[in-house]
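Overview (structure and organization)
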Amino acid sequence: MRIVAMGCVLLLVCGGAAAAGSSVNVNCDVDSDYDFALTKKSVILTRKDGAPKTVLMRQGRLFIDDRWVGIGAADRDRLVDYEREARAAMPLAAQIGRDAATIAFTALGEVAKGFSRDPEATEAKLQQARVELDRSLARSVSATHFNSSELGKGIGEAVAGVVPRVVGDIVGGALRAALTGDTAQLEQLDNLDARIEAVVEPRAKALERNAETLCRAMQSLDRIDDALEYRHDGKPLDLLRVEARDRAKPLD
């Protein structure tokens, strides 16, 4: 089962917050068997296995695999609502992805100040990763365009291109300080968690609010999906499944 692309943004939130050691709590599982795409005219869901393989919505009309299918007036209204709400969620999804990555990069930057062999060069690498991520999000997500493959590839390239080198540089600096007895550098560990929290916590709180809003939007899409009367081979389409659990307690 694949995680639907908009739901991946919620996972990125958790990943970015965990990397920063912040207390963002977004317990929202978004699952789908489909890949999601958005064009100026249509919402498109596709999959390689199972039936149907293609579900396309366009202004209240429904296309299944290779033909337009007949639906009732109530389902037409539901499809219009689904398209509108899916488009409305895109800008917020892009902002959340950007903010989550920024939190993670900011936390790495704080650590790099104490342990990187060249903190300025490390910060430049992180800034370049932010720029690449912004470009990826601009290409992949808007109110009229979304492509899950492009988004996943862009995020992966932005992160893979810089994070391993930055982490390796930081770990190398920490080991070097420990082996050489560089007490001044080791003292940089003092209150490191508190320094990181002071930098990222305001952003993390705003991120949590936005992520909860996105989760509610996903729940609304799920309700519309569940309400559809149309059946394919006697079965509901089941485009999306969302489970919002009780929030966990903040991290100590």
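Up top is the structure.
Below: a short report on this structure. Since we're looking at a predicted model, the values are computed, not measured. One numbering rule holds for all chains: residues counted from 1, following each sequence as written. Two thresholds apply to this predicted model, a pLDDT of at least 70 for residue-level local features and 80 or more for giving and counting side-chain atom pairs, whereas whole-chain, interface and lining totals are computed over all residues. Only hydrogens and water are removed before side-chain values are computed, so all heavy atoms of the structure are retained for them.

**Brief notes about the overall build of the protein**
Cut-off, in case you're wondering: Labels follow the DSSP assignment, with helices taken as runs of H or I lasting at least four residues and strands as runs of E lasting at least two, numbered in each case from the N terminus. Between buried and exposed lies partly exposed: a residue is buried under 20% and exposed over 50% of the maximum accessible area for its type, with that area taken using a 1.4 Å probe on protein chains only. Contact definition: two residues touch when any of their heavy atoms are within 4.5 Å. Values of accessible area rely on a 1.4 Å probe in the Shrake-Rupley scheme; residue burial ignores everything except the protein chains shown.
If you tally the helices and strands in the protein, you get seven helices and eight strands. Expressed as a percentage of its 252 residues, the buried residues of the protein come to 43%. Sequence-distant contacts, at least 24 apart, represent 69% of the contacts inside the protein between residues at least 6 apart. In the form shown here, the protein has an accessible surface area of approximately 12,900 Å², with 53% of it arising from carbon and sulfur atoms.

**Comments concerning the environment of D66**
Mapping D66 onto the fold places it in the loop between β5 (61–64) and β6 (67–69). For the pair D66 and P52, spaced 14 residues apart in the sequence, the C-alpha separation amounts to 9.8 Å.

**Section: the packing of aromatic side chains**
Going by this rule: Classification of ring pairs rests on two measures: the distance between centres of Phe, Tyr or Trp rings, Trp counted by its six-membered ring, which must be within 6.5 Å, and the angle between planes, read as stacked under 30 degrees, edge-to-face over 60 and tilted in between. Only when the NZ of Lys or the CZ of Arg is both within 6 Å of the ring centre and within 35 degrees of the ring normal is a charge said to sit over the ring.
Counting across every chain of the model gives one aromatic pair. When the centroid spacing of 5.2 Å and the interplanar angle of 80° are considered together, the rings of F63 and W68 count as edge-to-face. Above the ring of W68, the side-chain terminus of R61 is found at 3.9 Å from the ring centroid.

**Looking at the pattern of salt bridges**
Our working definition: Whenever a carboxyl oxygen of Asp or Glu lies within 4 Å of a side-chain nitrogen of Lys or Arg, that contact is scored as a salt bridge.
Counting across every chain of the model gives seven salt bridges. Of the charged contacts, one joins D33 and R47 as a salt bridge, the two residues approaching to 3.6 Å between their closest N and O atoms. With D33 in the loop between β1 (28–31) and β2 (35–38) and R47 in the loop between β3 (43–46) and β4 (54–58), the pair connects residues that are 14 residues apart, well separated along the chain. With a relative accessible area of 25%, D33 lands in the partly exposed category. It is possible to trace a salt-bridge network through shared partners that takes in D33, R47, D238 and R241.

**Brief notes about the side chain of T106**
The test is simple: Whenever a nitrogen or oxygen atom comes within 3.5 Å of another N or O atom, the pair is scored as a polar contact, on the condition that within protein one atom can donate a hydrogen and the other can accept it, and that pairs from neighbouring residues in sequence are kept only if both atoms are in side chains.
Within the secondary structure, T106 is located in helix α2 (residues 73–115). Classification of T106 by relative accessible area gives buried; the value is 11%. A distance of 2.9 Å separates polar atoms of two side chains, one belonging to T106 and the other to R203. T106 has contacts with R130, V199, V200 and R203, leaving out every residue within four places of it along the chain.

**Here's the deal with the environment of L239**
Along the chain, L239 turns up in the loop between α7 (192–227) and β8 (241–244). The sequence separation of L239 and S32 amounts to 207 residues, and the corresponding C-alpha distance is 6.1 Å. Excluding anything up to four places from it in sequence, L239 contacts S32, Y34, L45, V55, M57, Y82 and D225.

**Topic: a nonpolar patch on the surface**
Filter applied, for reference: Only residues above 30% relative accessible area that lack a salt bridge enter a patch, with like-charged residues linked at up to 9 Å and the nonpolar side chains Val, Leu, Ile, Met, Phe, Trp and Tyr linked at up to 5 Å.
Together, V167, V171, L175 and L179 make up an exposed nonpolar region whose accessible area comes to about 390 Å². Positionally, V167 belongs in helix α5 (residues 163–180). Look at V167 and you get partly exposed, because its relative accessible area is 34%.

**Brief notes about the side chain of H232**
In this structure, H232 sits in the loop between α7 and β8. Discounting residues that sit within four places of it in the chain, H232 has contacts with A51, P52, I64, D65 and L237.

**A look at helix α3 (residues 119–140)**
This is how it is decided: Expected span of a helix: the number of residues minus one, times 1.5 Å. Working definition: the arc comes from the directions between the helix axis and the C-beta atoms, pointing outward to the latter.
Taking 1.5 Å as the rise per residue, α3 with 22 residues should run 32 Å; its terminal C-alpha atoms sit 31 Å apart, in good agreement. All of the buried residues in α3 are T122, L126, A129, R130, L133, S136, L137 and S140. The arc that holds the buried residues of α3, viewed along the axis, is 125°, so those residues lie on one side. Residues of α3 that are exposed and point over 90 degrees away from its buried face: E120 and A138.

**A look at the pairing of β3**
So the rule is basically this: We call two strands paired when DSSP finds no fewer than two bridges between them.
Of the two faces of β3, the one holding V43 and L45 is buried and the one holding I44 and T46 is not buried anywhere. Bridging between β2 and β3 involves four bridges; their strand directions are antiparallel. The residue of β3 that forms the bridge with L38 is V43. Linking two consecutive strands that pair antiparallel, namely β2 and β3, is a turn of four residues. Relative to β4, β3 runs antiparallel, the two sharing four bridges. Counted as the bridge partner of L45 is V55 from β4.

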